[in-house]
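Below are the chains, spelled out letter by letter.
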Amino acid sequence: MIPVFGEPRGPAFEYEHPSIRNIAMHPLLRDPWEDKKVYVGDSMLPQGGEGLFAKRDIEKREVVALYNGIKFKSSTYASEHMPRSDYRIRLNGDLDMDIPKGYHLTSQYSATLAHKANHSFVPNCEWSLFEHPRFGLIRALTAQKPLARGQEVLVNYMMTLAKSPDWYRCVWIQHMRVVKKGDDKAIQRYIDRQYELQGYRIPLPESEELNVPEPHGVDMSEVPAEYLRDEYQTDEAAVQFARKMAGIVDEVKEKTPDAEDRFEEITEVD
């Protein structure tokens, strides 16, 4: 039997070489696999803005959505000079990912949609790693439990409470009071315990009234252009940056003459 192939149809996909300067070569070309699973709509959470929803029933442990972004080494000059973003996420021990300013909007970027999932301390999804043919190693959302069609996709953002924005700590306090049934003393005991474990004290927000600001991506125009060059993204550059941040100074050794230099060449004998 000889297989017969028809003419290829539909959009062409290729590896898009994501980097610190490129989130995608085709930012509006939807991932066809993810497109069958989720869509963006108005969140059901208070001040949730846009949210992510299941297009069909999803089983437990099934990958729900994909999280792509610009990629950069965690310990580099560029990383240190990046302004705050609501979308920065750790990829692995060496790399972080982020969504550039404006690309959180589906009108500018919709190749992947996991960045549209809202936060919850009672999530139905969790973070996972995913090797993607277009974007390489990225993050994904995996269902912790079965999701029904039309159900909102929620994930714990896993922020460090002591360094998180006010709205995140407000949601945490509400979670402690409503879900954990904790009073002020229980919350304070948790804060004291975390301080003993991590050395960071969780600051309580001035008001428990929720006020979620409009999210924004990283403004790459604020990063010095020289730090975006390829030579600043190498493993060697990351090691040098880490040594500098740790206060390690390379010792400069005096040049020791080679054995051949210690003897003058005898060209004639008296």
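Our subject is the structure listed above.
Residues numbered from 1 in each chain as written. Predicted model: local features only at pLDDT ≥ 70, side-chain atom pairs only at ≥ 80, totals over all residues. Heavy atoms only, no water.

Asker: So what exactly am I meant to see when it comes to the environment of G48 here?
Answerer: Tracing the chain through its elements places G48 in the loop between strand 1 (38-42) and strand 2 (50-54). A relative accessible area of 17% places G48 in the buried class. Sequence separation of G48 and A117 is 69 residues, and the distance between their C-alpha atoms is 9.6 Å. The contacts of G48, once residues within four sequence positions are left out, are S43 and N118. (Helix = DSSP H or I, 4+ residues; strand = E, 2+ residues; numbered from the N terminus. Buried < 20%, exposed > 50% of the residue type's maximum accessible area, 1.4 Å probe, protein only. Contact = heavy atoms within 4.5 Å.)

Asker: Could you clarify how one ought to interpret the packing of aromatic side chains in this entry?
Answerer: Both the distance between ring centres and the angle between the ring planes are used here to describe each pair of aromatic rings. Summed over all chains, the structure comprises 11 aromatic pairs. Ring plane angle 20° and centroid distance 5.4 Å describe the contact between Y77 and Y227, whose orientation is recorded as stacked. Of this pair, Y77 sits in helix 2 (residues 77-80) while Y227 sits in the loop between helix 4 (184-198) and helix 5 (235-245), and the two are 150 residues apart along the sequence. Of the two residues examined, Y77 and Y227, each falls in the buried class. Residues W172 and Y190 carry aromatic rings whose centres are separated by 5.4 Å and whose planes lie at 45° to one another, so their mutual orientation is tilted. Taken together, the residues W172 in helix 3 (residues 166-178) and Y190 in helix 4 connect sequence positions 18 residues apart. Connected via pairs of aromatic rings, a cluster forms that spans Y77, Y227, Y232 and F241. Sitting over the face of the ring of Y195, R201 holds its NZ or CZ atom 4.4 Å from the ring centroid. (Phe/Tyr/Trp six-rings, centres within 6.5 Å; stacked < 30°, edge-to-face > 60°. Lys NZ or Arg CZ within 6 Å of the ring centre and 35° of its normal.)

Asker: Quick question: what am I supposed to make of the nonpolar core here?
Answerer: When a protein is soluble and globular, its nonpolar side chains tend to lie buried together. In terms of nonpolar packing, the biggest core is built from 43 residues, with V64, M82, V153 and M220 touching the most fellow members. With 5 residues, strand 3 (residues 63-67) is the largest single contributor of residues to this core. With residues up to four places along the chain from it excluded, the contact list for V64 reads E34, K37, V38, I58, C125, L141, T142, A143, L147 and V153. L161, W167, C170 and I202 belong to the second largest nonpolar core, which has 14 residues in total. (Core = buried A, V, L, I, M, F, W, Y, C linked by side-chain atoms within 4.5 Å.)

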